Amino acid sequence: MRLKKAVFPAAGFGTRFLPATKAIPKEMLPLVDKPLIQYAVEEAKASGLEEMIIVTGMGKTAIEDHFDTSFELEILLKEKGKLDLLNMIENVSGLVHFAYTRQKKPLGLGHAISITQNLINDEAFAVFLGDDIIDSKTPAMKQMAGVFEKYGTSILAVQKVSKKDAHLYGVIKGKKVSPGVWRVLDLVEKPRENPPSNLAIIGRYILTPGIFKALEKTAPGKGGEIQLTDALKHLLETEEIYAYEFEGNRYDAGDKLGFLKANVSFALKRADLKVEFKKFLKDLGL
Ligand code: G1P
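Residues numbered from 1 in each chain as written. Predicted model: local features only at pLDDT ≥ 70, side-chain atom pairs only at ≥ 80, totals over all residues. Heavy atoms only, no water.

Caption draft 1: The overall build of the protein chain, seen in detail. In terms of regular secondary structure, the protein chain is built from eleven helices and 13 strands. Here the protein chain has a C-alpha radius of gyration of 19 Å; the compact-globule value for 286 residues is 19 Å, and the two agree. Principal axes of the C-alpha set define a box for the protein chain whose edges measure 60 × 50 × 40 Å. The buried share of the protein chain, taken over its 286 residues, is 47%. Sequence-distant contacts, at least 24 apart, represent 74% of the contacts inside the protein chain between residues at least 6 apart. On the protein chain, roughly 15,100 Å² of surface is accessible, and the fraction owed to carbon and sulfur atoms is 54%. Computing the positive centroid from 41 side-chain charges and the negative centroid from 37, the protein chain places the two 5 Å apart. (Helix = DSSP H or I, 4+ residues; strand = E, 2+ residues; numbered from the N terminus. Rg over C-alpha atoms; globule rule 2.2 N^0.38 Å. Buried < 20%, exposed > 50% of the residue type's maximum accessible area, 1.4 Å probe, protein only. Contact = heavy atoms within 4.5 Å. Areas by Shrake-Rupley, 256 points an atom, 1.4 Å probe, with all protein chains shown as cover. Lys, Arg positive; Asp, Glu negative; His and termini not counted. Charge placed at Lys NZ, Arg CZ, Asp CG, Glu CD.)

Have a look at this one:
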């Protein structure tokens, strides 16, 4: 079973970044100089995925334009001899194959996944939540694909979090089966108290097509939305699910502080910026 398709839910309003996101999608906010969603798409490509399915909504056309060819810009860069920029732009549009589908109502992450069913057919697929930026030597999804090869079930990315932060995540209860791998016994979306463990779901999933039946059974949960975590709980009734603690640093770029941390840390890795930027930070004398 080879994974080919990747789903990127991108229909949310991005209210945490207002007013910046009033007229531009939050997925287009730049981490240094690259829009957030491009990091996830590049991770997908580097993990061997070929077809990107982006779930968009009202006001998200900038995402489609970003991954499209920009004929006029390419001609202009060619004429001006800016070949490195031209190359960079061509790399974005030539990345992989894209398909777009629209989530017409903000009914939640589970709902966003459910509307991709006709594009997925009957195969396992990957899901990327673009707010979660993962910086790792081996792309996080590639690590997960290795676990999927072994178990052939849905695989959830997890990370240990402190008890006080557990209410921000889907949290699993699991039985450890090997280093970094747990068989999932139960899941709770954003537990208000008494989380079942310290293993929080991070925005990378490999899902079997059984998830679509499970989603049909899923009633609105937290926030009145169809939650993917609740659908996974239904999936557990008929299939095993495993959780995998990936290696890498994860930034919650959907949160202002996390976004700033990601920007600083990515800028400090850039050959063209790091020397001056480090000096600037040092001079702040914090
Ligand atoms: C979503 C999921 C949650 C998961 C989180 C990871 O929540 O519902 O289970 O832990 O992503 O980032 P959101 O952060 O979109 O509210």
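Caption draft 2: Quick look at the packing of aromatic side chains. Applying the stated criterion across every chain yields a total of nine aromatic pairs. Note on Phe8 and Phe128: the rings are 5.1 Å apart at their centroids and 15° apart in plane angle, and the pair reads as stacked. Of this pair, Phe8 sits in strand S1 (residues 5-9) while Phe128 sits in strand S6 (residues 125-128); the two residues are 120 residues apart in sequence, bridging distant segments of the chain. Against the face of Tyr39 rests Lys34, its NZ or CZ located 4.7 Å from the ring centre. (Phe/Tyr/Trp six-rings, centres within 6.5 Å; stacked < 30°, edge-to-face > 60°. Lys NZ or Arg CZ within 6 Å of the ring centre and 35° of its normal.)

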